[in-house]
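# Commentary on secondary and tertiary structure
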Amino acid sequence: MGLHVAVLIKQVLDPEVPAARFQIDASGKRPAAGIAGEVLGPYERNALEVALQLKDAGAAEKVSVITADGQEAVESLRKALAVRADQAVLVDTSGHDDLDPAQTAEILARAVEKLGGVDLVVAGRQAGDWDHGQVGYLVAERLGWPCVSLVQRAELDGGVLRLTRQGPDGREVVEARPPLVVTVTNDERNVLRLPRVQDLMASRRQPITQWSPADLGLDAAALADLAGGEVLRLRIPERESQCEFISGDDPAEVAATLVRRLKELKLL
Amino acid sequence: MIVIAGRGGQELSRAQRELVTVARRLAGDLGSQVAYLAVGPEAEAAARRAGAFGIGRAVAIELNDASGAVEPIIENLAQGARRLGASVVLLAADHLGVQAGPRLAARLGGSALNDAVDVRVEDGRVIWTRPVFGGKALADVVLRRSPAVVTVRSGAFEAAEEGAGEAAVDVLEAVAVDTAVRVVQREEGRQEGPRLEEARVVVSGGRGLGGPEGFQRLAELAELLGGAVGASLAAVDEGWAPPEWQVGQTGKMVAPDVYFAVGISGASQHLAGISGAKAVVAINKNPDAPIFKVARLGVVMEYEKLLPALIEAVKRELA
């Protein structure tokens, strides 16, 4: 019996949107609508790849992806199905705007429990929009499972997970037994694969499991009470732009000027 | 009680001394006290040292756990924070803080916040500021539950100066925690030169290097200047540089005097990691690269041409 792996994903405002295009909406608390499209978050892509590699190796029997979001996130769930995740779950949180990490983690932990039989939860280290870096860790606490953070690769060896992770000073290999939560960071070997054309077509017809917070035993009041904090306002930081360009075609001359200026500015 | 938490050691690291600055500001505005909590093999040494920063009370938990798992550290931090009656727990947003902050908050029934770069008190409310959307915006946030467990980004606050003084230290027995998580192998990171986070000079490369070979040139320049080599997320994803070199929102936060950005376009998530640099020197063949917007000095040229000349120029200067 292989593992049942649940990957927690999030669809985010495209992180590649240039700073110059970033704007804040009239509420002052969130980005303006329409400044960029939405994409499957960068670390969730790495997380999904780690799970799919376990499946390729025969270590995982089933990969489920879960997100807590509005209907628009079906797009990212379908992307996950197109790279051959087995099941996609949307906990539709429409009407509960601006969920914070504590709320999201409670919803996702309950969804993992409702799925049943999950051995390994894989989350990105942080979502590429609000950069909270909390949800995977809070899900671990809520489930009462240990958590291995900043994982880059996972293998199963005789019931033991061997996890390559970013340690404080370099890579580490950690052994752990399921049930377990891991948070994933990027690495050259967990860049998300591209879907095959036939899988892309098939993913459009696959069913998406839809739950509401109420299906997970959370009414609006209970959900509201879980919030850990509140955003008062967003603002755009000021950036200095006073670059002094050192021009010229002769590398030796330019290099000499650069070193001289660095010394004059007392930087070297 | 405002509690500064960490792993201890013989000295307070720069990151820990930055936490002292945050704690003092909060304690002054809220009329509360500052305490120090260390959990680790040299917990007591650091706890005594905390007295020199005007901290009167400390808890030391001597934890010698061979597993390498984080759970024993988190559980003992929770014990110490409860003992001290923490209303705020401050951690550096480093390797430990990233994995411990939210979980510690959960265990203490508090609220978590990561990567604080500023804090102020308004009408008795503590307002934390943190970068969001890869540094394209800053969010002002209030936390609802106590304690607030906050990780603080390095370089955002001045490091406190050491003075004289003694802390009253409670030494607590460590709680044993077995999680069946074991570190079985540690790859040695970079051996020579300063740590990226503490280097006075950082030479970083990005996708514009076009391959791993370019990093040898960067390493040569870094070594000449007594600095460290860094990399952008793109270069790490390409496999040209190891992940521990990554600088940016999800890599290392650096605060050197000079940051050389070579072939780095300047994505916001990268810029978020270098905001503590005194000066950025951008070397890029694309004059429209966003990196020039934050650079003090810029050169528009192919790095393959400039770097050898720059290395020669530095050698001449140093000779």
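A short tour of the structure in this document, coming up. (Residues numbered from 1 in each chain as written. Chains lettered and ligands numbered in written order. Predicted model: local features only at pLDDT ≥ 70, side-chain atom pairs only at ≥ 80, totals over all residues. Heavy atoms only, no water.)

Our next topic: the sheet that holds strand β7 (residues 125-132) of chain B. Overall, antiparallel pairing links the four strands, which are arranged β12(A)-β8(B)-β7(B)-β6(B) in an open sheet. Of all strands in the sheet, those bounded by a partner on one side alone are β12 (229-235) of chain A together with β6 (118-122) of chain B. Going from strand to strand, the sheet's axes swing by 30 degrees on average, the running direction of each strand aside. Note: β12 of chain A against strand β8 (residues 137-143) of chain B, six bridges, orientation antiparallel. Of the residues in β8 of chain B, the one forming a bridge with leucine 234 of chain A is alanine 139 of chain B. Contacting β6 and β7 of chain B, helix α1 (residues 14-30) of chain B runs over the sheet at an angle of about 5 degrees to β6 of chain B. (Pairing = 2+ DSSP bridges. Helix = DSSP H or I, 4+ residues; strand = E, 2+ residues; numbered from the N terminus. Axes fitted to C-alpha atoms, helices over the stretch in contact; angles between N-to-C directions. Contact = heavy atoms within 4.5 Å.)

With that settled, consider the nonpolar core. By size, the foremost hydrophobic cluster in this structure holds 48 residues, and its most contacted members are Ile4, Tyr36, Leu90, Trp128 and Val150 of chain B. Of all the elements, α1 of chain B adds the most residues to this core, at six residues. (Core = buried A, V, L, I, M, F, W, Y, C linked by side-chain atoms within 4.5 Å. Buried < 20%, exposed > 50% of the residue type's maximum accessible area, 1.4 Å probe, protein only.)

The next subject is the interface of chain B and chain A. Facing the 81 residues of chain B at the interface are 82 residues of chain A. Taken together, the two surfaces of chain B and chain A that pack against each other cover about 6800 Å², and 57% of this comes from carbon and sulfur. On the surface where chain B and chain A come into contact, there are eight salt bridges. Between arginine 107 of chain B and glutamate 141 of chain A there is a salt bridge; the shortest N-O distance is 2.7 Å. Joining chain B to chain A, the criterion identifies 43 residue pairs in polar contact (both at pLDDT 80 or more). Across the side of chain B that touches chain A, the residue classes tally to 41 nonpolar, 16 polar and 24 charged. (Buried area = accessible area lost by both parts, 1.4 Å probe. Salt bridge = Lys/Arg side-chain N within 4 Å of Asp/Glu carboxyl O. Polar contact = N/O pair within 3.5 Å; in protein donor to acceptor, adjacent residues only side chain to side chain. Nonpolar A, V, L, I, M, F, W, Y, C, P; charged D, E, K, R; others polar.)

The next point concerns the packing of aromatic side chains. One pair of aromatic rings is described through two measures. These are the centre distance and the angle between the planes. A complete count under the given rule lists four aromatic pairs over all chains for this structure. Taking 4.9 Å as the distance between ring centres and 45 degrees as the angle between the ring planes, the aromatic pair formed by phenylalanine 245 of chain A and phenylalanine 292 of chain B counts as tilted. Residue phenylalanine 245 of chain A is located in strand β13 (residues 244-245), and its partner phenylalanine 292 of chain B is located in the loop between β15 (279-284) and β16 (297-300); the two belong to separate chains. In this structure phenylalanine 292 of chain B comes out as buried when scored by relative accessible area, which is 5%. Between phenylalanine 215 of chain B and tryptophan 245 of chain B the ring centres are 6.0 Å apart and the planes differ by 45 degrees, which places this aromatic pair in the tilted class. Within this pair, whereas phenylalanine 215 of chain B is found in helix α5 (residues 214-224), its partner tryptophan 245 of chain B is found in the loop between α6 (233-237) and β14 (258-262), the two being separated by 30 residues in sequence. With a relative accessible area of 16%, tryptophan 245 of chain B lands in the buried category. Through pairs of rings, three or more aromatic residues link up here, namely Phe22 and Trp130 of chain A together with Phe133 of chain B. For the cation-ring pair, lysine 114 of chain A lies above tryptophan 211 of chain A, with the distance from its terminal atom to the ring centre recorded as 5.2 Å. Across from the ring centre of tyrosine 43 of chain A, 5.9 Å away, lies the NZ or CZ of arginine 125 of chain A, which sits over that ring. (Phe/Tyr/Trp six-rings, centres within 6.5 Å; stacked < 30°, edge-to-face > 60°. Lys NZ or Arg CZ within 6 Å of the ring centre and 35° of its normal.)

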